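Listed below, chain by chain, are the residues.
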Amino acid sequence: MSFHQKYSKKVIKKAQKGDRFALTQIYELYKSPVFHLAYQMLRDEHRANDVLQTVMLKMMNTISNLADTKKFNGWLKRITYNTVIDTIRANQKLVDVGDESEYQYSAEEISHQIDKPDWDLEQFLDVLNERERIVVWLYAIDGYTHSEVAQSIGVSEQNSRIIFSRAMKSLKSLAADPRYSGRQIGGKDETA
Amino acid sequence: MKQHNDQAIRAKLSRSADALEQKHPSSKQDLIFQDNLEKLPSTQGKIEQRKMLKWVVAAGIILSVGLTTVYVGNPLQKEASPEKGLPQLIASSNQLEKQIAIYDELTLNANQYAEYIGLRLELEQIDQQLNYYYSSAEGELNSEVNRLWERRVDVAKSLKSIYQNDTLVARI
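Residues numbered from 1 in each chain as written. Chains lettered and ligands numbered in written order. Predicted model: local features only at pLDDT ≥ 70, side-chain atom pairs only at ≥ 80, totals over all residues. Heavy atoms only, no water.

Asker: How should I be thinking about the overall build of chain B in this particular structure?
Answerer: Looking only at helices and strands, one finds 7 helices and 0 strands in chain B. The order of α-helices and β-strands along chain B, N terminus first, is α-α-α-α-α-α-α. Summarising the internal contacts of chain B: among those between residues at least 6 apart in sequence, 75% fall at separations of at least 24. Put simply, chain B shows about 12200 Å² of open surface, and 57% of that area lies on carbon and sulfur atoms. (Helix = DSSP H or I, 4+ residues; strand = E, 2+ residues; numbered from the N terminus. Contact = heavy atoms within 4.5 Å. Areas by Shrake-Rupley, 256 points an atom, 1.4 Å probe, with all protein chains shown as cover.)

Asker: Sorry, what's going on with the interface of chain B and chain A here?
Answerer: For an interface, size is often stated in terms of accessible area lost upon the parts coming together. Contact residues are listed per partner, giving 33 residues for chain B and 50 residues for chain A. Buried area between chain B and chain A, summed over both chains or domains, comes out near 3700 Å², and the portion from carbon and sulfur atoms is 56%. In this assembly, chain B and chain A are joined by 4 salt bridges. The salt bridge involving Glu122(A) is made with Lys23(B); its shortest N-O contact spans 3.7 Å. Residue assignment for the side of chain B that touches chain A shows that the elements contributing at least two residues are α1 (7-18), α2 (28-39) and α3 (41-71) of chain B. Partitioning the side of chain B that touches chain A into residue classes produces 12 nonpolar, 12 polar and 9 charged. (Buried area = accessible area lost by both parts, 1.4 Å probe. Salt bridge = Lys/Arg side-chain N within 4 Å of Asp/Glu carboxyl O. Nonpolar A, V, L, I, M, F, W, Y, C, P; charged D, E, K, R; others polar.)

Asker: Explain the pattern of salt bridges here, please?
Answerer: Pairing is possible between side chains of opposite charge, provided their charged atoms come close. Following the criterion strictly, the structure yields 20 salt bridges over all chains and no others. A salt bridge links Lys172(A) to Glu109(A); the shortest N-O distance between them is 3.5 Å. Of this pair, Lys172(A) sits in helix α9 (residues 157-176) while Glu109(A) sits in helix α5 (residues 107-115), and the two are 63 residues apart along the sequence. Among the residues examined, Lys172(A) registers a relative accessible area of 26% and is labelled partly exposed. Using a relative accessible area of 33% as the deciding quantity, one classes Glu109(A) as partly exposed. For Glu97(B), the salt bridge identified is with Arg120(B), shortest N-O distance 3.3 Å. Taken together, the positions of Glu97(B) in helix α5 (residues 86-101) and Arg120(B) in helix α6 (residues 110-136) put the pair 23 residues apart, joining distant regions of the chain. Its relative accessible area of 25% is what places Arg120(B) among the partly exposed residues. (Buried < 20%, exposed > 50% of the residue type's maximum accessible area, 1.4 Å probe, protein only.)

Asker: What exactly am I supposed to notice about the nonpolar core here?
Answerer: Within the largest apolar cluster, 68 residues are counted, with the highest numbers of intra-cluster contacts made by Met59(A), Phe72(A), Phe124(A), Met168(A) and Leu13(B). Per element, the largest residue contribution to this core is 12 residues, and it comes from helix α2 (residues 20-42) of chain A. Both domains that furnish three or more residues to this core are identified here as domain 1 (9-91) and domain 2 (107-181) of chain A. Grouped together as the second largest cluster of nonpolar side chains are 20 residues, Leu96(B), Leu123(B), Val145(B) and Trp149(B) included. (Core = buried A, V, L, I, M, F, W, Y, C linked by side-chain atoms within 4.5 Å. Domains from an automatic or database assignment.)

Asker: Help me out: how do you make sense of a positive patch on the surface in this one?
Answerer: Taken together, the side chains of Lys9(A), Lys13(A), Lys17(A) and Lys70(A) define a basic patch exposed on the protein surface. You can call Lys9(A) partly exposed: its relative accessible area is 45%. (Patch = residues over 30% accessible without salt bridge, like charges linked within 9 Å, V, L, I, M, F, W, Y side chains within 5 Å. Lys, Arg positive; Asp, Glu negative; His and termini not counted. Charge placed at Lys NZ, Arg CZ, Asp CG, Glu CD.)

Asker: Which parts of the structure should I look at to understand α6(B)?
Answerer: Because an α-helix packs 3.6 residues into every turn, residues spaced three or four apart end up facing the same way. The first and last C-alpha atoms of α6(B) sit 39 Å apart over 27 residues, in line with the 39 Å expected at 1.5 Å per residue. Within the sequence span of α6(B), burial applies to Gln112(B), Tyr116(B), Leu119(B), Leu123(B), Ile126(B), Leu130(B) and Tyr133(B). (Expected span 1.5 Å × (residues − 1).)

Asker: Sorry, what's going on with α9(A) here?
Answerer: A rise of 1.5 Å per residue sets the reference length of α9(A), with its 20 residues, at 28 Å; its end C-alpha atoms lie 29 Å apart and thus fit the reference within 8%. Inspection of α9(A) places Asn159(A), Ser160(A), Ile162(A), Ile163(A), Phe164(A), Ser165(A), Ala167(A), Met168(A), Ser170(A), Leu171(A) and Leu174(A) among the buried residues, and these make up the whole buried set.

Asker: Would you explain unusual backbone geometry in this entry?
Answerer: As a rule of thumb, non-glycine residues mostly have phi less than zero, and peptide bonds are mostly trans rather than cis. Despite not being glycine, Arg43(A) has its phi angle at roughly 55°, a positive value. Given a relative accessible area of 2%, Arg43(A) falls into the buried group.

Asker: Help me out: how do you make sense of the confidence of the model for chain A in this one?
Answerer: Regions with low pLDDT should not have their predicted coordinates read in detail. Residues and elements named next belong to chain A. Looking at chain A as a whole, the pLDDT averages 85, with 87% of positions reaching at least 70. Taking the mean pLDDT of every element in chain A, the minimum, 85, falls on α5 and the maximum, 95, on helix α3 (residues 45-62). Counting contacts from residues 181-192, a segment whose pLDDT is below 50, to residues more than four positions away or on other chains yields 25 contacts. (pLDDT = per-residue confidence, 0-100.)

Below, the structure is given as structure tokens:
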């Protein structure tokens, strides 16, 4: 379920005036997309719930400032990303990776791994740390550039590239390990 | 540093993401949302009230000015009138008479003509009173003379308006 929901402009207008029913309609329409996105990036149901409620509170308090109702989907998605990033930042997981070098991966090789029948994105996301996960999600899944990712999460563009390359390294390791049968939420770098 | 061509990786990861099982929040979250929603009016309501209060105050001011203008007349004009001395009033009256003179009373309909006669009689009465004051040379009644000329100007304006209404009707 994506953020590309069909909503009524009347509902948005009513919500902007504080209409509770309209706000509830918006919640019902977007609760799953918001929760899903938060969960995929945090891999933690409890914190994804917190993000959901925070996003909805922000929506209720700032929807009156939204000038163009056509941009509601993108606006709410941006709030969700920012809230997730704030959550990760609160745990101090978004520090620069310093002068670590970028892992040199083969795009063809990685593509080949993803094409395998036993490829499991959930498994892959589980082994990444939060910083890697959000970079992979923004850059690879949502189509941000490294520059945009860097701006969103407050690291340098080079850092964004390094983080992504490390995620690719994990992907390669995961695919190469025949014993792998699922790891615990958080992954090896989660507490680093 | 080598720049990777990630297009294929991004496309494949994006497709994988689309195929992920949809995660849904628990129904308990709906209750939490409703609780948060209940707390909302305390802030949102105040904003609306403030906006409403501003509009009510603005509307009240506009209404007061409008009603004052309609029933009392423009306060700015009222303040200007005391500065109008006798010479100005006489000049205004003569100017109005010149303007009225170009009209032909035979163009008026019965009702307008009756009104015309009434106003003309009133003007004659005012003129007689003025003549009386001027012939008696009672200087202390200067304020009364001023009032009569003001009255004359008003009646002459009413007279002029009869013709102007007639012209307007004819144009339509």
